[in-house]
Amino acid sequence: MSGKVPMIMGKGARKYYRQYMTTPPPRRDDNDDELRVGAPKRSAAGAAGVVHGLKSVLEQSGVRRGVKTLRLVNQQRGFDCPGCAWPEPGKPHLAEFCENGAKAVAEESTVRRAGPEFFAQHPISELAGYSDHWLGQQGRLTTPMLRDTDDDHYRPVSWDDALGLIADELRALDSPDEAVFYTSGRTSNEAAFCYQLFARSFGTNNLPDCSNMCHESSGAALSETLGVGKGSVSLEDITDHADLVVIVGQNPGTNHPRMLTSLEQAKRRGARIVAVNPLPEAGLQTFRNPQTVRGVVGQGTLLSDLFVQLRLGGDLAFFQAVNHLLVAADEARGDVLDHAFIREHTTGFDRSAAAWAELNWDDVRTATGLPDEALQGFVDEVLAADRVVVCWAMGLTQHKKSVPTIREIVNFLLLRGNIGLPGAGACPVRGHSNVQGDRTMGIWEKPPAAFLDALEAEFGFSPPRRHGLDTVDTIRAMRDGRVGVFMAMGGNFATATPDSEATARAMRSVPLTVHVSTKLNRSHTLPGRRSVILPCLGRTEVDRQDGREQFVTVEDSMSAVHASRGTLPPASDELRSEMAIICGLARRVLGPGDPTPWEEFGADYARVRERISRVVPGFDDFERRVAEPGGFVLPHPPRDSRTFPTADGAARFTTNELEVLRLPPGRLILQTIRSHDQFNTTIYGLDDRYRGIRNGRHVVFVNPDDLRELGIADGTTVDLVGEWSDQERRAPGYRVVAYPTARGCAAAYYPETNVLVPLDHTAEVSNTPASKSVIIRLEPSATPASR
Ligand SMILES: Nc1nc2c(c(=O)[nH]1)N[C@H]1C(S)=C(S)[C@@H](COP(=O)(O)OP(=O)(O)OC[C@H]3O[C@@H](n4cnc5c(=O)[nH]c(N)nc54)[C@H](O)[C@@H]3O)O[C@H]1N2
Ligand SMILES: Nc1nc2c(c(=O)[nH]1)N[C@H]1C(S)=C(S)[C@@H](COP(=O)(O)OP(=O)(O)OC[C@H]3O[C@@H](n4cnc5c(=O)[nH]c(N)nc54)[C@H](O)[C@@H]3O)O[C@H]1N2
Ligand SMILES: [Mo]
């Protein structure tokens, strides 16, 4: 073997890892170790990072299998990392994975199995009592399982019977709109295309997806203002061209660790980096690159030149103030704004400038919590830079005012012509590895008419035109008895969604729930009256149909499409690919008369790609272009030619009303975030190393000055009580951790705290749950601290 993996796994390390080989899953769902709180870290992703990741792969999959698996992550003949959607560089490093990618791979390539014996041993009522961590640790699902009405067990069922039962139930519905087809963002382009085609051939646009909870706000704001709901930058814009990279509401050290490598490259050629965040995240401070000797033994690279610590939800006010100051500076110096760009490519500048002139500075100070010098410091960075990229993630998209906030960031970019130039643009950093591709393939409850027209022309049926249910509206429909069949292509719907208790009740009332899954999760323990689990291949596994190996394709956060080939033997002989499941089910439901050649699609994925190339713009000559090393990049008119396919054909300045969240006394705004040891609802372990937390997840981070004012000591156990117009919601047994977050703000982990997020608390326009701004109070706890 060559490359960095064996170097990191020297002789001593190998011996150390052997002891973690093929350990059995935990039997009990507890541990006797105390929760420990230490100092937060100031650097991310050093050697320790990869070592931690390797430990988790090797522990679950055995050394040999683990090394083989990791070598193929993000390589041209390998599989796309099922971790995040950060793009791969043109020439991937030999170890193009990160600690958290390694954990994601380990989760999938584990040698542990949750087969029929497991389900025979554990009744559903018992499984419901286990933590998300324990459920995920049981290993891969192996066999289709059915929970029949009133049974407390899942029991094995044949594929034939399982698909037959689902088809019967779907065909018996009064209306196709009583079925809902959810997707999580790991589904390949091919499977996503077939899934939406199936749902629409069946007659519904009820295609909610994880995007509804994720970057929906970005898509909404960007399509309205730039005409394309995707990011406008490439990897090279960041690594090679940008003068300034602004990272707002994102924690790349944990959630997109490979982004740190790109930021380091930018930094080394002189770019500046500014972080805007209520939390001083380790990955935004210093980066220790595990792929270089300097990163392994040296001090690492200091990443951020400026850290703007603003209050939760303060970004709208922040960017309005910045835009005001830029216009004012231009009035003084004349060379700040790109007047030619504004004239030729945009509309609405005068109205926006007038609105910024009226800005209420007291509101800005309250909303941001920032002194005026901090604003000026940021503006100085901007004035010193020609080319600016703004990156963001969930810290911007999960607030009531998310869409106006992102529109205001577009205003910021437009002012200086920072769109459609090398080194400049908007960069919403996506989460799931193919969440962007799924949307491109038509997984969307509000499909554009042009997409439906193209489907109609290609497949010769009339797709439904009525918009379908998104995630939040699906929960409402379940609650109100309007959903007869809920099917999920991956994901963990019941746990990822807000208002956990109400959602669990809603889910259990559905006549049939169907989960296509790789691993056990909480949604399986909240079955509908009947419930089916269909175990599928993961991305790391060989997918053979009709005797031939298949590959699938994915699209990353920067619109690059490339192939992904699994290499490991499937976890069980009974697994089917997502494609095989969808195509098999579609034929049964739609009958022999349906004109789509479902059998051919399921047997040879190239046949689907051929159709995609005729339906989805940008996919011409798909099969040939995706075979080229690195694949191809989809067109993006604003990025490619400064053409803006908006309603009026120009990029649009917007005016956005500022609404300041005024907290009643004694209250905090809570954001729900990811620890370093989880992928969404999959909990890898109980540590959050960079924030100094060991062995527990029930912690709430609060500024020490707020704790003093509230009269609550660090280390006390409290209940988090959410306040909302309909009722109070309670998350009991949290340990208070004094932490340097912005004043008035608190943070705790998702998904445990989803119980506090009211279903009706969503972002304007995008309807994304506002899970980063929940008003809470802390009450002394009657229960002991949970772990
Ligand atoms: N290892 C790992 N990788 C992942 C995931 C995972 O769970 N684990 N999840 C994947 C998915 S689906 C996604 S969407 C991404 C999520 O990636 P992130 O968005 O980085 O995830 P969060 O943990 O939600 O972190 C939100 C960040 O925004 C900050 N923030 C919160 N509110 C505000 C605000 O009002 N203003 C500003 N300026 N900052 C704010 C928080 O302090 C935090 O740093 O990661 C993807 N990658
Ligand atoms: N409070 C709060 N809530 C949030 C968020 C937050 O920040 N705060 N973040 C939101 C965001 S950004 C997102 S994206 C959603 C995530 O919502 P989801 O995407 O629904 O949740 P995941 O936890 O990613 O789904 C994990 C499950 O997917 C299945 N799985 C894994 N790989 C595969 C595969 O290859 N195929 C199939 N069929 N199944 C597979 C496994 O069974 C695993 O248990 O949660 C949202 N919810
Ligand atoms: Mo996400």
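I will try to describe carefully the structure that is included in this document.

Calculation notes
- Counting restarts for each chain: residues are numbered from 1 in the order of the written sequence.
- As they are written, the chains are lettered A onward and the ligands numbered 1 onward, keeping that order.
- Confidence filtering applies because this is a predicted model: local features only for residues at pLDDT of at least 70, side-chain atom pairs given and counted only at 80 or more, and all residues used for totals across whole chains, interfaces and linings.
- The basis for every side-chain value is the complete set of non-hydrogen atoms in the structure, without hydrogens or water.
- In this text, helices come from DSSP runs of H or I with a minimum length of four residues, and strands from runs of E with a minimum of two, each type numbered from the N-terminal end.
- Only C-alpha atoms enter the radius of gyration, while the globule expectation follows 2.2 Å times N to the 0.38, with N the number of residues.
- Only protein chains enter the area calculation, which uses a 1.4 Å probe; residues under 20% of their type maximum are buried, those over 50% are exposed, and those in between are partly exposed.
- Residues scored as charged are limited to Lys and Arg (positive) and Asp and Glu (negative), so that His and the chain ends carry no count.
- By convention, the charge on Lys lies at NZ, on Arg at CZ, on Asp at CG and on Glu at CD.
- In what follows, salt bridge is the name for a side-chain nitrogen of Lys or Arg lying within 4 Å of a carboxyl oxygen of Asp or Glu.
- In this description, a line fitted to the C-alpha atoms serves as the axis of each element, helices being fitted only across the stretch in contact, and the angle between N-to-C directions of two axes falls anywhere from 0 to 180 degrees.
- By definition in this entry, angles of less than 35 degrees are roughly parallel, angles greater than 145 are roughly antiparallel, angles of 65 to 115 are roughly perpendicular, and the rest are oblique.
- Each crossing gets its hand from how the near helix is turned against the far one by less than a right angle, where anticlockwise is left-handed and clockwise is right-handed.
- In this description, contact between two residues means that some pair of their heavy atoms is separated by no more than 4.5 Å.
- Residue polarity follows a fixed list, in which Ala, Val, Leu, Ile, Met, Phe, Trp, Tyr, Cys and Pro are nonpolar, Asp, Glu, Lys and Arg are charged, and the others, Gly among them, are polar.
- Only buried residues count toward a nonpolar core, which is a set of Ala, Val, Leu, Ile, Met, Phe, Trp, Tyr and Cys residues joined through side-chain atoms within 4.5 Å.
- Here a residue is considered near a molecule or strand provided that any single heavy atom belonging to it is located within 4 Å of it.
- Under the rule applied, a polar contact is a pair of N or O atoms within 3.5 Å (in protein, one hydrogen donor and one hydrogen acceptor; residues adjacent in sequence only if both atoms are side-chain atoms).
- Shrake-Rupley sampling with a 1.4 Å probe provides the accessible areas, and residues are treated as covered by the protein chains on show and by no other component.
- Segmentation of the chain into domains, including their bounds, is taken from an automatic or database domain assignment.
- Aromatic contacts are taken between Phe, Tyr and Trp rings whose centres are within 6.5 Å, Trp giving its six-membered ring; a plane angle under 30 degrees counts as stacked, one over 60 as edge-to-face, and the others as tilted.
- Placement of a positive charge over a ring is assigned whenever Lys NZ or Arg CZ falls within 6 Å of the ring centre and within 35 degrees of the normal to the ring plane.
- Two strands pair if DSSP finds at least two bridges between them.

1. Things to note about the overall build of the chain
Part 1 of the argument: Scanning the chain for helices and strands turns up 33 helices and 33 strands.
Part 2 of the argument: Over its C-alpha atoms the chain spans a radius of gyration of 25 Å, differing by no more than 12% from the 28 Å that the globule rule assigns to 787 residues.
Part 3 of the argument: With respect to the principal axes defined by its C-alpha atoms, the chain has extents near 75 × 60 × 60 Å.
Part 4 of the argument: Looking at the 787 residues of the chain, the share that counts as buried comes to 64%.
Part 5 of the argument: Taking the average place of the 89 positive charges on the side chains of the chain and the average place of its 100 negative ones, the gap between the two points comes to 6 Å.

2. Looking at the pattern of salt bridges
Part 1 of the argument: One pass over the structure, following the stated rule, counts 58 salt bridges.
Part 2 of the argument: Between Asp372 and Arg365 there is a salt bridge, with the nearest N and O atoms lying 3.0 Å from each other.
Part 3 of the argument: A relative accessible area of 34% places Arg365 in the partly exposed class.
Part 4 of the argument: Salt-bridge contacts for Glu764 lead to Lys401; the nearest nitrogen and oxygen are separated by 2.9 Å. Of this pair, Glu764 sits in the loop between strand S32 (745-749) and strand S33 (774-780) while Lys401 sits in the loop between helix H21 (394-397) and helix H22 (402-415), and the two are 363 residues apart along the sequence.
Part 5 of the argument: Via salt bridges that share partners, Arg667, Asp719, Glu723, Glu728, Arg730, Arg777 and Glu779 belong to a single interconnected network.

3. Details of the packing of helix H9 (residues 159-171) against helix H28 (residues 578-590)
Part 1 of the argument: In the contact formed by H9 and H28, the axes pass within 9 Å of each other and the chain directions differ by 50°. With respect to each other, H9 and H28 are oriented oblique. In terms of crossing hand, the pair formed by H9 and H28 is right-handed. Of H28, the residues touching H9 (which contributes Trp159, Asp160, Leu163, Gly164, Ile166, Ala167, Leu170 and Arg171) are Ile581, Leu585, Arg588 and Val589.
Part 2 of the argument: A per-class count over the contact of H9 with H28 returns eight nonpolar, one polar and three charged.

4. Here's the deal with the nonpolar core
Part 1 of the argument: Ranked by internal contacts, the top residues of the largest apolar core, which has 63 residues, are Leu170, Phe181, Phe193, Phe198 and Leu534.
Part 2 of the argument: Of the residues forming this core, the biggest block, nine residues, is contributed by helix H10 (residues 189-202).
Part 3 of the argument: Apart from residues lying up to four places away in sequence, Leu170 is in contact with Ala179, Phe181, Phe198, Phe202, Val485 and Val589.
Part 4 of the argument: Core analysis: the next-biggest nonpolar cluster, separate from the first, contains 53 residues, Ala321, Leu325, Phe349 and Ala426 among them.

5. Here's the deal with the site of ligand 2
Part 1 of the argument: By nearness alone, 29 residues border ligand 2, and Tyr182, Ser184, Ala496, Glu578 and Thr681 come closest of all.
Part 2 of the argument: Asn521 places a polar side-chain atom, nitrogen or oxygen, 2.8 Å from an oxygen atom of ligand 2.
Part 3 of the argument: Coverage of ligand 2 by the protein amounts to 95% of the 930 Å² it exposes when considered alone.
Part 4 of the argument: Considering only residue class, the shell around ligand 2 consists of ten nonpolar, 14 polar and five charged.

6. Quick notes on the site of ligand 1
Part 1 of the argument: Within the structure, ligand 1 sits among 32 residues, and Asn277, Glu281, Gly313, Gln678 and Asn680 are positioned closest to it.
Part 2 of the argument: Between Asn251 and ligand 1, the recorded distance is 2.8 Å, taken from a backbone N or O atom to an oxygen atom.
Part 3 of the argument: Contacts to ligand 1 include Gly395, whose backbone N or O atom sits 3.3 Å from an oxygen atom.
Part 4 of the argument: Computed on the free molecule, ligand 1 has an accessible area of 920 Å², of which 99% lies beneath the protein chains in the complex.
Part 5 of the argument: Of all the secondary structure elements, the ones that give two or more residues to the shell around ligand 1 are helix H13 (252-255), H21, strand S25 (668-673) and strand S26 (678-679).
Part 6 of the argument: Class assignment for the residues of the shell around ligand 1 results in twelve nonpolar, 16 polar and four charged.
Part 7 of the argument: Two domains each provide a minimum of three residues to the shell around ligand 1, namely domain 3 (216-428) and domain 4 (668-780).

7. Observations regarding the packing of aromatic side chains
Part 1 of the argument: Tallying each qualifying case throughout the model produces 26 aromatic pairs.
Part 2 of the argument: Judged by centre distance (4.9 Å) and plane angle (70°), the ring pair of Phe619 and Phe622 falls under edge-to-face.
Part 3 of the argument: Assessed through its relative accessible area of 0%, Phe619 is described here as buried.
Part 4 of the argument: Taken together, the aromatic side chains of Phe118, Phe119, Tyr130, Trp134 and Tyr154 make up a single cluster linked through ring pairs.
Part 5 of the argument: Positioned over the ring face of Phe679 is Arg186, at 5.3 Å from the centre of the ring.
Part 6 of the argument: The ring of Phe632 is capped by Arg625, whose NZ or CZ atom sits 4.1 Å from the centre of that ring.

8. A look at the pairing of strand S21 (residues 552-555)
Part 1 of the argument: The two faces of S21 match: Val552 and Val554 on one face and Thr553 and Glu555 on the other face are all buried.
Part 2 of the argument: Pairing geometry for S21 and strand S22 (residues 560-564), over four bridges, is antiparallel. Counted as the bridge partner of Val554 is His562 from S22.
Part 3 of the argument: The turn joining S21 and S22, which pair antiparallel and follow one another in sequence, is formed by four residues; a positive phi near 65° is taken by Ser559.

The values are spatial; any link to function lies outside them.
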